[in-house]
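Breakdown of the fold
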Amino acid sequence: MKVRKAIIPAAGKGTRLLPATKTQPKEMLPIYDTPVIQLVVEEAIKSGITEILIITGENKHSLEKHFDITNTGNGKLKEFNKLLEKVDITFKRQSNPRGLGDAILRAKNFAHGEPCAILLGDDFYLNCETPATKQLIDAYEKLGSSATIVGVENLSKEKMTKKGMIVVKKGSTEVERIIEKPDIDSVVSELAISGRYIVVPELFLKLEKVTESVRGEIELTDGLAELLNDKLTIHAHSIEGTRIDVGNPTEYLIANLKYAMLDESVKKEVIKVIKSELDN
Ligand code: G1P
């Protein structure tokens, strides 16, 4: 079955970005001139997705309003409006947030038995010839449109303890084990879950049975592990491009610089300022 639907969880509180996120959603923080969530939605639309469900929570009204189609604005906004005409976006509130797996479970009726893309709402990709989600959809189709696909990136041992870890079978992309935020002593792989997935409908049934992890959350990774327990196949796919996380203030600053400097004139200005700071 074709992947037409995408789920974007955007209900996180963004506590690591306080005070910026005191009253506004972290997904609405601008990366140079564009809110993060817009970059994520654009990726989904450019990947051929025609229906999007954004899972929201407290303080997310401005996020919903951002997807109203307006007739005013500059060139960039007009382009965005045109893209929005290609997609149906709906919102669902996660009123009692219990983790990423719980947020995804709210999309069970939306998925309605179809495979879905999942794009985490607080990271984005740069320098992709093919949009990140499209790369995963292509892999999904190439592998027979029946396996779950998890986007991965290579990470150091220390960084892996903050991510989901993937262990693949020798010489293959097939996933053997998947563990959320392993202890440093349990890190046996460099492949970390990168925030982009294509999931099969069975995932929702598994998530219904997942219990709280040690950190008190329903983990999406535990739902994926249940698919493996049931002998359902998952493949890891390395996404080509630069993944940009917006989790804390330093990452946020770097995200801004990297995105803004795609524009040569901005890049020149930024380099000038940095050089003069270094000379002082
Ligand atoms: C989530 C997932 C984790 C994944 C990460 C990517 O963790 O649970 O498996 O590696 O996103 O950013 P979080 O960053 O929400 O703690």
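Residues numbered from 1 in each chain as written. Predicted model: local features only at pLDDT ≥ 70, side-chain atom pairs only at ≥ 80, totals over all residues. Heavy atoms only, no water.

Quick look at the overall build of the protein now. Looking only at helices and strands, the protein features eleven helices and 13 strands. In terms of overall dimensions, the protein has a C-alpha envelope of 55 × 45 × 35 Å along the principal axes. The 280 residues of the protein split such that 49% are buried. Of the contacts made within the protein by residues no fewer than 6 positions apart, 74% connect residues no fewer than 24 positions apart. (Helix = DSSP H or I, 4+ residues; strand = E, 2+ residues; numbered from the N terminus. Buried < 20%, exposed > 50% of the residue type's maximum accessible area, 1.4 Å probe, protein only. Contact = heavy atoms within 4.5 Å.)

Attention shifts here to the site of the ligand. Looking at the ligand, the residues that line it are Leu-100, Leu-120, Lys-163, Gly-164, Glu-180, Lys-181, Ile-193, Arg-215, Thr-221 and Arg-243. Arg-243 is positioned with one of its side-chain polar atoms (N or O) 2.8 Å from an oxygen atom of the ligand. Considering the ligand on its own, with 380 Å² of exposed area, one finds that the protein chains cover 81% of that surface. Tallied by class, the residues present in the shell around the ligand amount to three nonpolar, two polar and five charged. (Near = heavy atom within 4 Å. Polar contact = N/O pair within 3.5 Å; in protein donor to acceptor, adjacent residues only side chain to side chain. Areas by Shrake-Rupley, 256 points an atom, 1.4 Å probe, with all protein chains shown as cover. Nonpolar A, V, L, I, M, F, W, Y, C, P; charged D, E, K, R; others polar.)

Ranked by size, the top nonpolar core spans 43 residues in total, and within it Ile-31, Val-41, Ile-52, Ile-54, Phe-67 and Phe-124 carry the most contacts. Those elements that place two or more of their residues in this core are β1 (5-9), α1 (36-46), β4 (51-56), α3 (75-84), β6 (116-119), β7 (123-126), α6 (132-142) and α10 (249-260). At seven residues, the largest contribution of residues to this core is made by α1. Leave out the neighbours within four places in its chain, and Phe-67 touches Ile-37, Val-41, Ile-54, Phe-80, Leu-84, Ile-89 and Phe-91. Counting residues in each nonpolar core, the second largest holds 34 residues, with Ala-103, Ile-104, Leu-220 and Leu-224 among its members. (Core = buried A, V, L, I, M, F, W, Y, C linked by side-chain atoms within 4.5 Å.)

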